[in-house]
Amino acid sequence: METILNFIYSNILSILMMVLLIAVGMFITIRTRALQFRRFGYAMKNTIGSLFDKNQHKKEKGSVSPFQAVTTALAGTIGTGSIAGLATALVSGGPGAVFWMWISALLGMVTKYAEIVLSLKFREKNKEGA
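Here is what the cut-offs are and how they apply
- Residue numbers run consecutively from 1 along every chain, following the written order of its sequence.
- Whole-chain, interface and lining totals are the exception, using all residues; otherwise, since this is a predicted model, local features are given only for residues with pLDDT of at least 70 and side-chain atom pairs are given and counted only at 80 or more.
- Hydrogens and water are ignored here; the side-chain numbers use all heavy atoms of the structure.
- To pair, rings of Phe, Tyr and Trp, with the six-membered ring standing in for Trp, must have centres within 6.5 Å; the planes then decide the type, stacked if under 30 degrees apart, edge-to-face if over 60, and tilted in the middle.
- To sort residues, take the accessible area from a 1.4 Å probe on protein chains only and compare it with the maximum for the residue type: under 20% means buried, over 50% means exposed, and anything in between is partly exposed.
- Note on conventions: DSSP H or I runs of at least 4 residues are helices, E runs of at least 2 residues are strands, and numbering of each starts at the N terminus.
- We call two residues in contact whenever any of their non-hydrogen atoms come within 4.5 Å of each other.
- Surface patches are drawn from residues lacking salt bridges whose relative accessible area is over 30%; two like charges belong together within 9 Å, two nonpolar side chains (Val, Leu, Ile, Met, Phe, Trp, Tyr) within 5 Å.
- Accessibility throughout is a Shrake-Rupley quantity obtained with a 1.4 Å probe, and a residue counts as covered only by protein chains that appear here.
- Salt bridges, as used here, are contacts in which a Lys or Arg side-chain nitrogen is within 4 Å of a carboxyl oxygen on Asp or Glu.

## Some remarks on the packing of aromatic side chains
To describe a pair of aromatic rings, one takes the distance between the centres and the angle between the planes.
Okay, so step 1: One pass over the full model with this rule turns up 1 aromatic pair.
Okay, so step 2: Here the aromatic rings of Phe-99 and Trp-100 are separated by 5.0 Å at their centres, their planes lie at 75°, and the arrangement is edge-to-face.
Okay, so step 3: We classify Phe-99 as partly exposed; its relative accessible area is 41%.
Okay, so step 4: Accessibility expressed as a relative area gives 58% for Trp-100, which makes it exposed.

In structure tokens, the structure reads:
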């Protein structure tokens, strides 16, 4: 079993998955006309900027602020593996690794955006309305 899993990982998942993730990120970036660059200020204003808005703390019961939504989404996406992965990449790859992490982050931003948009579009409510 270990031999089969090693074969799948080394021959299929490692290179193919990297190529697919980059291709999907570039495709979505082109289709959204580089949304992650065009609307970066708007995103920062409504997430980080909402921390300093006094009216933001007055919300209706059961609602979620934009900052809470972003931090919850990031908590589900980013884990300690990302922090350890960064340190490992810096040690083994040097400064060039940081450049490629920036590139992957830019493509990952728009991929995460597309994932959230699709989940909102195709969500279904249960019998209780939630």
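## As for the environment of Leu-35
Okay, so step 1: Relative to the assigned elements, Leu-35 resides in helix 2 (residues 35–38).
Okay, so step 2: Given a relative accessible area of 17%, Leu-35 falls into the buried group.
Okay, so step 3: The spatial distance from the C-alpha of Leu-35 to the C-alpha of Tyr-113 is 9.2 Å, given a sequence separation of 78 residues.
Okay, so step 4: What Leu-35 contacts, discounting residues up to four positions off in sequence, is Phe-40 and Tyr-113.

## Here's the deal with a nonpolar patch on the surface
Okay, so step 1: On the surface, a nonpolar cluster with roughly 1,200 Å² of combined accessible area is contributed by Met-1, Ile-4, Leu-5, Phe-7, Ile-8, Tyr-9, Ile-12, Leu-13, Leu-16, Met-17, Leu-20 and Leu-21.
Okay, so step 2: Along the chain, the position of Ile-12 falls in helix 1 (residues 2–31).
Okay, so step 3: In this structure Ile-12 comes out as partly exposed when scored by relative accessible area, which is 38%.

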